[in-house]
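# Remarks on the overall topology
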Amino acid sequence: MSGTLSEDEFRAQCRALVTFSEKIGDGWELRENGDDIYIVKKVKLPIQFREDSSEECAIVPESEDDEDMVEDSENSSIVPTTHLISFEYHVTYSCSYSVPVLYFLAWHSTGQLLRVEEVWKIAPPCSDTYSYITQIDHPVLARPFYELHPCRTEQLMALIQCEESDKYLLSWISSIGRDVGLCLDIRYAMSDVS
């Protein structure tokens, strides 16, 4: 597998993913705008923000609730607070890189968008966080969105070496989506989404 995906393959895999999503009630939608096609999913996730802004945030697993939060062992006066954050994910196609690209918005329950510094804290720590997640105009909607930059997608997907090229999109979302809270239902892996 080369690590890239043709635009026709991207379109077919988007349609297949949305068709399966409709069967299991997972919430993916297909959007078309002229010749452009992309998929969208909206979710709400509990995110723990610490009062001292120097620390990272954490996505709270669904099984945890506020009663299970433990005080910080180093400084018991700093306790994480959990906020319900709305995410809207868009998966588009990059003709320049020949790979899918993940765009997203995230906002507090008040409707205020997360600042880029807050978004960087949600992603796993890495030396490239500031270049990996950037704010840029959505290629179809021409509005500011956060983007997981596609520059290393081809390398990543070549390493994954998915034997079934019709599973490229699912493999890619499973690999990079979790960095910003986008996780696929296990039923996608157990199905014949193609």
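Here the structure is a predicted model, which means the values were calculated and not measured.

### Re helix 1 (residues 7-24)
Count 3.6 residues to each turn of an α-helix, and residues three or four apart come out pointing the same way. If you check helix 1, its first and last C-alpha atoms are 26 Å apart, about what 18 residues at 1.5 Å a residue would give, namely 26 Å. Inspection of helix 1 places Phe10, Arg11, Gln13, Cys14, Ala16, Leu17, Val18, Phe20, Ser21 and Ile24 among the buried residues, and these make up the whole buried set. Looking at the buried side of helix 1, the elements it contacts are strand 1 (29-33), strand 2 (36-49), strand 4 (81-94), strand 5 (99-107), helix 5 (168-176) and helix 6 (186-189). Note on helix 1: the residue one or two positions beyond its end, glycine 25, has a positive phi of about 70 degrees.

### Side note on the confidence of the model for the protein
On average, residues of the protein score 84 in pLDDT, and 77% of them reach the 70 mark or higher. Contacts from residues 63-76, a stretch scored under 50 in pLDDT, to residues over four places away or in other chains number 11 contacts.

### What about unusual backbone geometry?
Apart from glycine, the bulk of residues carry a negative phi angle, and the bulk of peptide bonds sit in the trans form. Unlike most non-glycine residues, serine 98 shows phi in positive territory, near 60 degrees. With respect to the element layout, serine 98 can be found in the loop between strand 4 and strand 5. A positive phi angle is found at alanine 142, which is not glycine, with a value near 55 degrees. Following the sequence through the fold, alanine 142 ends up in the loop between strand 6 (133-137) and strand 7 (144-148).

### Concerning the environment of valine 43
With respect to the element layout, valine 43 can be found in strand 2. Each C-alpha atom of the pair valine 43 and glutamate 88 lies 6.6 Å from the other, and the pair is 45 residues apart in sequence. Beyond its immediate sequence surroundings of up to four residues, valine 43 is in contact with Ile85, Ser86, Phe87 and Tyr89.

### Things to note about the packing of aromatic side chains
Applying the stated rule across the entire model yields 6 aromatic pairs. Seen from their ring centres, phenylalanine 10 and tyrosine 93 are 5.4 Å apart, and the 40 degrees between their planes marks the pair as tilted. Here phenylalanine 10 is found in helix 1, whereas its partner tyrosine 93 is found in strand 4, with 83 residues between them in sequence. The residues phenylalanine 10 and tyrosine 93 share a single accessibility class, namely buried. Linked through ring pairs, Phe87, Tyr89, Phe104 and Tyr146 together constitute an aromatic cluster.

### Re the pairing of strand 7
With respect to burial, strand 7 is a largely interior element, 4 of its 5 residues being buried. Pairing analysis gives 3 bridges linking strand 5 to strand 7, with the strands arranged antiparallel. Considered in strand 7, the bridge of tyrosine 103 is made with glutamate 147.

Conventions adopted
- Residues numbered from 1 in each chain as written.
- Predicted model: local features only at pLDDT ≥ 70, side-chain atom pairs only at ≥ 80, totals over all residues.
- Heavy atoms only, no water.
- Helix = DSSP H or I, 4+ residues; strand = E, 2+ residues; numbered from the N terminus.
- Expected span 1.5 Å × (residues − 1).
- Buried < 20%, exposed > 50% of the residue type's maximum accessible area, 1.4 Å probe, protein only.
- Contact = heavy atoms within 4.5 Å.
- pLDDT = per-residue confidence, 0-100.
- Phe/Tyr/Trp six-rings, centres within 6.5 Å; stacked < 30°, edge-to-face > 60°.
- Pairing = 2+ DSSP bridges.

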